[in-house]
Amino acid sequence: IILIKIFKEFNMKKYLQSLITISGLIILISSSAFFLSNSDIKNERFSSQVRESKTSFNLPLKPSELVKKSQSSEIRIELFEPEIQTDNSNSLKNISDKISHFTLNKNNLQFINETKPEKILLPVKNYDGSELILELVRVEIFHNEFKAFYGADNSKQQVNFDKGVHYRGIIKNYKNSIAAISIFKEGIMGLMSSETGNFVIGPVSEKDKYFTDQYVFYNDRDLKIKNELVNCAVTEQQEILYDFLEKKKNKSHSHNHFPESDSMVINCSTPVKIYMEARYDVLVSFGGDLGTTLSYMAGFFNQMATIYANESIPIVFFQYFVWGPADPYGNHQDILTYLSDFNSLRAGSFPAIGDLGMFIMTRPIFPSFNGYAIQIGGLCGPGRTCAQNLMASYNNFPVYSWTVSLATHELGHLMGSVHTHSCVWPGGPIDKCVVTAETTPCYNGAAVPQVGTIMSYCQAPNGLGIDFTLGFGTLPGNAIRAHHNYWCNNCQAMPVELISFSSEIYNNNVVLNWSTAVELNNSGFDIERSYNGDDYKKINFIQGNGNSNSQLNYTFTDKNLNSGLYKYRLKQIDYNGNFEYFNLDNSVSIGTPGKITLNQNYPNPFNPVTNISFEISSNAKISLKIYDLSGKLINTLISDIEYNSGYYSISFNGSNLSSGIYFYNLEVNGISYIKKMSLIK
């Protein structure tokens, strides 16, 4: 009751401050996220509205589709050397008895880094001698404006690092499997999943050195240690989604908008740009090696993005900042304080630094929560941040699946989903791996062990683990896709605000003029033209100005057009490849010339190509010939051909001629029109 009153009476900032002072109450309801409904906010805001202007649909392919549709020849690469047993191998048996040990073939590692093959087959030996074959296709995980920084806020420097070669795909012959492999100059990181479990490939790290010569491959279901990165919480929710869900529970909302059995379709390809910020202790945990720290996060992001791609949800790595040699976040005993500090520091920087922000730390495991999201559905703001503990290794043993599970889960909150054990879902909790304050309003039974999806707690002691191939599950996945659609179609600033688009006609030339009031990530404009009802064709490209808040004016002249009816449109393209169309309201008519005219060639002087244009007022037999100063015929461009009335342009190439004065003679029904031109080489 006290918590509910806090939610009602305080805004989010006051709530964050007050919540810190009542940490005892939080612990009493550990593992919970708190939800309120607001019936004043209508669920219709989540309807799948699409802009009148079209957007490109380059959605990420599911890993299985990516492999199937790749046209590249696959290369089998033996990257893993035969099993090596060492003293360290025996020491790992207290973690798992079912571990495959190997070293890397350094020559093949170098080959992949240098040639970056498009499609590879990567065999991996399991602990029992069986072989898994990974079918992988190279992917790009970075935004084209990605930047990495190191230092302090007022003195940070952009840094370069080994971004790696990233692959996504499947385990061959394993239905519904997924795989993500990142290959760097110093080593590899890999995570794959099938119905049999989540498999990890990674180095057994040493003090002050993450990438070593010893690697392991294992199924995380075979671990003897428990996943300590389990509990998470959410401070606030986006009421839109939950009002939406409440009405769906009461069957008063159209199933067409939020299907329970089929995956909702993403109707906009714009990827969610992710900003990551690492506390200084993350750098320390990698031995102070900045390059390794940055590379690890790239591999970690690839694994997380693969799970989202399997749900057709586009995310991209936009910016990464590593603090050093200190940070302003202090040493706290709860993750909420870190999240509050991070949110206060960065809230005003979104979306310039990214659409959503993730704060990463490597603090000792907190007794309550190790992941925290500022709100459910944060893409439209104001809460766009989450925080989580990172565990790159457990006693030097790689445990990517734990970190990836938590990070994907926390980001899933910001992307629009509650926990699966919450009562807000139609029909009640989707799973009952744990029973928390979110579950008890509609379920008072015992926890039920089962394999869970990303937004569950099924990696907790009473669960059987998280199956990454299940992704978010239908309802949570649809909640995320619904929120993405709403954000994409309602909350993003329009890339370009066009305030005018007009045309002028000069003889057979059309001048197009347009002006913009605002530009955001504007790469430029394709100019497209339709002639006499034909399909639009690109005729030119005018570069945009990136970002601007002031009026900018553009012009383009379409020259030497034939008689006919023309339509024009602008295809505005942003740096992500997304586009919008802006149509010229009126058609442009180029009529019949009133007389016969031979125009001066252009350019003149020329070297070596020029254009000769002419106009004829009625159908006529035409000849066009080139002569030198002596009157010698040099070239015949048109020889007694019947032309309809209209405007014409002929290209002349003088590359085989010497510099000098030449004449071109247009003969129309026996009457000559002559002009001279200069070739200067």
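Placed above this text is the structure.
Being a predicted model, the structure only gives us computed values, none of them experimental.

Caption draft 1: How the structure looks around the packing of aromatic side chains. Evaluation of the coordinates by the stated rule reveals 32 aromatic pairs. A centroid spacing of 5.9 Å and a plane angle of 15° characterise the contact between Phe102 and Tyr215, whose relative ring orientation is stacked. Taken as a pair, Phe102 in strand E2 (residues 99–102) and Tyr215 in strand E11 (residues 215–219) lie far apart in primary sequence, 113 residues in all. The residues Phe102 and Tyr215 share a single accessibility class, namely buried. Between the aromatic rings of Trp514 and Phe525, the centroid separation amounts to 5.5 Å while the plane-to-plane angle is 70°, which identifies the pairing as edge-to-face. For Trp514, a relative accessible area of 1% translates into the label buried. You can call Phe525 buried: its relative accessible area is 0%. Through pairs of rings, three or more aromatic residues link up here, namely Phe142, Phe146, Phe161, Phe301, Phe317 and Tyr320. Directly above the ring of Phe321 sits Lys156, whose terminal nitrogen or CZ lies 5.2 Å from the centroid. Looking at Arg569, its charged tip hangs above the ring of Tyr536, at a distance of 4.1 Å from the centre.

Caption draft 2: Up close: the nonpolar core. Judged by nonpolar contacts, the single largest core of 118 residues is most densely connected at Met276 and Met415. Looking at this core element by element, the count peaks at 10 residues for helix H9 (residues 290–309). What Met276 contacts, discounting residues up to four positions off in sequence, is Met297, Phe300, Phe301, Met304, Phe317, Gln319, Tyr320, Phe321 and Met358.

Caption draft 3: Just the sheet that holds strand E1 (residues 75–76), in detail. A sheet is described by the order of its strands in space; here nine strands give the open sequence E1-E3-E4-E7-E8-E9-E10-E11-E2, paired in mixed fashion. This sheet does not close on itself; its edge strands, each paired only once, are E1 and E2. The pairing of strand E9 (residues 188–194) with strand E10 (residues 197–203) spans five bridges and is antiparallel. Its bridge partner being in E10, Ser194 is matched across the sheet by Gly197. The strands that H9 touches are strand E4 (131–139), strand E7 (165–171), strand E8 (178–183) and E9; relative to E8, the one it contacts most, it runs at about 160°.

Caption draft 4: Representation of the state of the cysteines. Overall, the coordinates contain three disulfides when judged by the stated rule. The disulfide that involves Cys423 links it to Cys442, with 1.9 Å between the sulfurs. Across the S-S bond of Cys423 and Cys442 the torsion is about -95°, and the bridge reads as left-handed. Of this pair, Cys423 sits in the loop between helix H11 (400–415) and helix H12 (474–491) while Cys442 sits in the loop between H11 and H12, placing them 19 residues apart in sequence. The residue that forms a disulfide with Cys433 is Cys458, at a sulfur-sulfur distance of 1.7 Å. Handedness here is read from the sign of the S-S torsion; for Cys433 and Cys458, about 65°, the answer is right-handed. With a gap of 25 residues between them, Cys433 in the loop between H11 and H12 and Cys458 in the loop between H11 and H12 connect regions that are remote in the sequence. For the pair Cys433 and Cys458, a shared accessibility class is recorded, and that class is buried.

Caption draft 5: Looking closely at the pairing of strand E15 (residues 356–361). Counting buried residues along E15, six of its six residues qualify, which places the element largely inside the surrounding structure. Along E15, one buried face is formed by Leu356, Met358 and Ile360 and the opposite face, lined by Gly357, Phe359 and Met361, is buried too. Relative to strand E17 (residues 385–389), E15 is paired through five bridges, and the arrangement is parallel. Opposite Phe359, over in E17, you have Ala387 as the bridge partner.

Caption draft 6: Spatial organisation of the sheet that holds strand E29 (residues 620–628). Taken in spatial order, the four strands of this open sheet run E30-E29-E32-E33, and their pairing is antiparallel. In the strand order of this sheet, the two ends are held by strand E30 (633–643) and strand E33 (671–679), each with one partner. The average angle at which neighbouring strand axes cross in this sheet is 15°, direction not considered.

Caption draft 7: Highlighting the pattern of salt bridges. The tally for this structure, following the rule as stated, stands at 14 salt bridges. As a salt-bridge pair, Lys106 and Asp213 come within 3.2 Å of each other at their nearest N and O atoms. With Lys106 in helix H6 (residues 106–115) and Asp213 in the loop between E10 and E11, this residue pair connects regions lying 107 residues apart in the sequence. By relative accessible area, which is 45% here, Lys106 ends up partly exposed.

Definitions and limits used
- Residues numbered from 1 in each chain as written.
- Predicted model: local features only at pLDDT ≥ 70, side-chain atom pairs only at ≥ 80, totals over all residues.
- Heavy atoms only, no water.
- Phe/Tyr/Trp six-rings, centres within 6.5 Å; stacked < 30°, edge-to-face > 60°.
- Helix = DSSP H or I, 4+ residues; strand = E, 2+ residues; numbered from the N terminus.
- Buried < 20%, exposed > 50% of the residue type's maximum accessible area, 1.4 Å probe, protein only.
- Lys NZ or Arg CZ within 6 Å of the ring centre and 35° of its normal.
- Core = buried A, V, L, I, M, F, W, Y, C linked by side-chain atoms within 4.5 Å.
- Contact = heavy atoms within 4.5 Å.
- Pairing = 2+ DSSP bridges.
- Axes fitted to C-alpha atoms, helices over the stretch in contact; angles between N-to-C directions.
- Disulfide = S-S within 2.5 Å.
- Salt bridge = Lys/Arg side-chain N within 4 Å of Asp/Glu carboxyl O.

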